[in-house]
Amino acid sequence: MANKTWNKSKALLICGWCNVCQKELLSNEGGWIVNAEKKHFCHDGKDGSCFDKYCEDQKNIAEDASYEGS
C-alpha cells in the first residue's frame, strides 16, 4: 500500500493595486508597501519604486504649496 500525500495549493489573494502604476499586488509576492493612508505601492527597486516616486511627488507638492503661500 502506497502512502498518499495531498498537495494543497496555497491560496492566492489580490491584496490591492499600486496607486501609481496600477500593478496587481498579490499575497504570494513580496515587494509592495502599504502606507498609513492605506495606499498600496510597488517596491521592486528597478528604476526607483512607485513608493519612492509617490514620496517625491508629495515633497514637490508641499514645496509648491509653501512657495505659493509666501
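Residues numbered from 1 in each chain as written. Predicted model: local features only at pLDDT ≥ 70, side-chain atom pairs only at ≥ 80, totals over all residues. Heavy atoms only, no water.

Participant: Can you help me understand the overall build of the protein in this one?
Facilitator: A tally of helices and strands in the protein yields 1 helix and 4 strands. The buried share among the 70 residues of the protein stands at 16%. Within the protein, counting contacts between residues at least 6 apart in sequence, those at least 24 apart form 10% of the total. Of the accessible surface of the protein, which amounts to about 6,100 Å², a share of 52% is contributed by carbon and sulfur atoms. (Helix = DSSP H or I, 4+ residues; strand = E, 2+ residues; numbered from the N terminus. Buried < 20%, exposed > 50% of the residue type's maximum accessible area, 1.4 Å probe, protein only. Contact = heavy atoms within 4.5 Å. Areas by Shrake-Rupley, 256 points an atom, 1.4 Å probe, with all protein chains shown as cover.)

Participant: Any chance you could explain the confidence of the model for the protein here in plain terms?
Facilitator: Do not read the predicted coordinates in detail wherever pLDDT is low. Summing up the model confidence of the protein, the mean pLDDT is 82 and the portion of residues at 70 or higher is 86%. The spread of mean pLDDT over the elements of the protein runs between strand E3 (residues 32-34), the lowest at 85, and strand E2 (residues 24-26), the highest at 89. (pLDDT = per-residue confidence, 0-100.)

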